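What follows is the residue order along each chain.
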Number of protein chains: 2
Amino acid sequence: MAEAKLKIRISLGMQTAMGPGKADLLEAIQRCGSISAAAKEMKMSYRRAWELVDAMNHCFAQPLVHSVPGGGHGSGAHVTETGLQVLKSYRDLESRVQSACEKELQGITDHLAKDRD
Amino acid sequence: MAEAKLKIRISLGMQTAMGPGKADLLEAIQRCGSISAAAKEMKMSYRRAWELVDAMNHCFAQPLVHSVPGGGHGSGAHVTETGLQVLKSYRDLESRVQSACEKELQGITDHLAKDRD
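Residues numbered from 1 in each chain as written. Chains lettered and ligands numbered in written order. Predicted model: local features only at pLDDT ≥ 70, side-chain atom pairs only at ≥ 80, totals over all residues. Heavy atoms only, no water.

So, about the interface of chain B and chain A. In this assembly, 38 residues from chain B lie in contact with 38 residues from chain A. Counting each side, the surface lost to burial between chain B and chain A is near 3500 Å², with a carbon and sulfur contribution of 65%. Applying the counting criterion to the chain B and chain A interface returns zero salt bridges. At the surface where chain B touches chain A, the tally comes to 15 residue pairs in polar contact (both at pLDDT 80 or more). Within the residue set of the side of chain B that touches chain A, elements represented by two or more residues are strand 1 (4-12), strand 2 (15-18), helix 3 (46-59), helix 4 (81-100) and helix 5 (102-109) of chain B. Here the side of chain B that touches chain A gets 10 residues from one element, more than from any other, and that element is helix 4 of chain B. (Contact = heavy atoms within 4.5 Å. Buried area = accessible area lost by both parts, 1.4 Å probe. Salt bridge = Lys/Arg side-chain N within 4 Å of Asp/Glu carboxyl O. Polar contact = N/O pair within 3.5 Å; in protein donor to acceptor, adjacent residues only side chain to side chain. Helix = DSSP H or I, 4+ residues; strand = E, 2+ residues; numbered from the N terminus.)

Among the secondary structure elements, E104(A) is positioned in helix 5 (residues 102-109). Of the side chains bearing the opposite charge, R96(B) lies closest to the buried E104(A), which forms no salt bridge; the N-O distance is 4.1 Å. Beyond its immediate sequence surroundings of up to four residues, E104(A) is in contact with S89(B), D92(B), L93(B) and R96(B). (Buried < 20%, exposed > 50% of the residue type's maximum accessible area, 1.4 Å probe, protein only. Lys, Arg positive; Asp, Glu negative; His and termini not counted.)

The transform that puts chain B on chain A rotates by 180° and translates by 0.0 Å along the axis, for an RMSD of 0.0 Å. The relationship between the two copies is best expressed as a two-fold rotation axis. Relative to the rotation axis, the closest C-alpha in chain B is found at I8(B), a distance of 2.4 Å. Comparing interface residues between copies, 100% of those in chain B also sit at the interface in chain A, which points to an isologous, same-surface contact. (Least-squares fit on C-alpha atoms with pLDDT ≥ 70 in both.)

This paragraph deals with the pairing of strand 1 (residues 4-12) of chain A. One face of the sheet, then the other: side chains in a regular strand alternate in exactly this way. In this structure, strand 1 of chain A lies alongside strand 1 of chain B, joined through nine bridges in antiparallel fashion. Along strand 1 of chain B, the bridge assignment pairs S11(A) with K5(B). Pairing geometry for strand 1 of chain A and strand 2 (residues 15-18) of chain A, over three bridges, is antiparallel. Bridging across to strand 2 of chain A, I10(A) finds its partner in M18(A). Taken together, strand 1 of chain A and the strand that follows it, strand 2 of chain A, pair antiparallel across an intervening segment of two residues, in which G13(A) is found at a positive phi of about 60°. (Pairing = 2+ DSSP bridges.)

Residues and elements named next belong to chain A. Residue position: Q30 is located in helix 1 (residues 20-32). In the structure, Q30 is positioned 21 residues away from E51 in sequence and 17 Å away in space, judged by C-alpha atoms. Discounting residues that sit within four places of it in the chain, Q30 has contacts with H78, V79 and L84.

What follows concerns the packing of helix 4 (residues 81-100) of chain A against helix 5 of chain B. Where helix 4 of chain A meets helix 5 of chain B, the closest approach of the two axes is 8 Å, and the angle between their N-to-C directions is 155°. Taken together, the axes of helix 4 of chain A and helix 5 of chain B are roughly antiparallel relative to one another. For the element pair helix 4 of chain A and helix 5 of chain B, the recorded crossing hand is left-handed. For the pair helix 4 of chain A and helix 5 of chain B, contact is made by Q85(A), V86(A), S89(A), Y90(A), D92(A), L93(A) and R96(A) and by E104(B), L105(B), G107(B) and I108(B), respectively. In the contact of helix 4 of chain A with helix 5 of chain B, the residues fall into five nonpolar, three polar and three charged. (Axes fitted to C-alpha atoms, helices over the stretch in contact; angles between N-to-C directions. Parallel < 35°, antiparallel > 145°, perpendicular 65-115°, else oblique. Left-handed = near helix turned anticlockwise from the far one by under 90°. Nonpolar A, V, L, I, M, F, W, Y, C, P; charged D, E, K, R; others polar.)

Attention shifts here to the pattern of salt bridges. Across all of its chains, the model carries 12 salt bridges over all chains by this definition. The closest approach of N and O atoms between E51(A) and R47(A), which form a salt bridge, is 3.2 Å. Of this pair, E51(A) and R47(A) both sit in helix 3 (residues 46-59), separated by four residues, roughly a single helical turn. Its relative accessible area of 33% is what places E51(A) among the partly exposed residues. On the basis of relative accessible area, R47(A) is assigned to the exposed category, the value being 62%. The salt bridge involving E27(B) is made with R91(B); its shortest N-O contact spans 2.9 Å. Taken as a pair, E27(B) in helix 1 (residues 20-32) and R91(B) in helix 4 lie far apart in primary sequence, 64 residues in all. For E27(B), a relative accessible area of 28% gives the class partly exposed. Assessed through its relative accessible area of 21%, R91(B) is described here as partly exposed. The network of salt bridges with common partners includes D24(A), E27(A), R91(A) and E94(A).

Have a look at this one:
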């Protein structure tokens with residue numbers, strides 16, 4: 001049976017500034033210390049991960065990810081202070097919606113098909 | 001300057017059961033009385049509108065849209081009782097998130113680029 005999931009995105013014009021995939025990627029970069037290792041962990045191409053990072057960095061006033069390319073000493077990537085703040089607010093938002101909007105969410109999920117796979 | 005928007009989706013497996021586009025389409029069908037007129041109003045192909053309706057109807061235990069094809073007397077489409085309930089819960093959810101999660105939303109939007117177009 002398929003699971004119902006709540007997905008929250010903050011869009012800016014045509015772009016998604018923050019959403020489930022970008023938040024997961026930020027966490028993977030923080031854990032892995034590089035965009036390529038994060039991409040590998042998320043079973044995503046390096047190009048795709050780089051595009052998501054680039055999109056995030058352009059949507060915010062300060063970059064969310066700082067990367068030093070090259071593969072040599074000091075190379076890699078980390079989530080900036082702004083990135084950590086935005087990520088925390090996004091995860092807090094997800095939790096808060098689940099707790100504060102239970103009635104409204106149930107008004108939708110109660111009607112979902114029970115036998116979908 | 002691009003406007004920041006909150007977008008909420010309820011997904012079921014790989015499908016989006018309810019989201020901004022589907023909610024707008026339900027309202028357009030209710031207003032227009034047919035999928036084709038709703039598609040035209042939303043500047044969307046009939047095929048695309050039909051696919052969105054079909055996806056919604058399959059995600060929920062009861063169809064959200066009832067349509068009588070043919071173009072003749074009695075043909076057209078309307079949002080079912082279940083559809084109206086789900087739509088109301090979704091719009092209530094959007095409002096509730098804005099009011100109940102102001103702090104978390106600001107923790108993201110305060111960092112967005114101000115000069116994006």
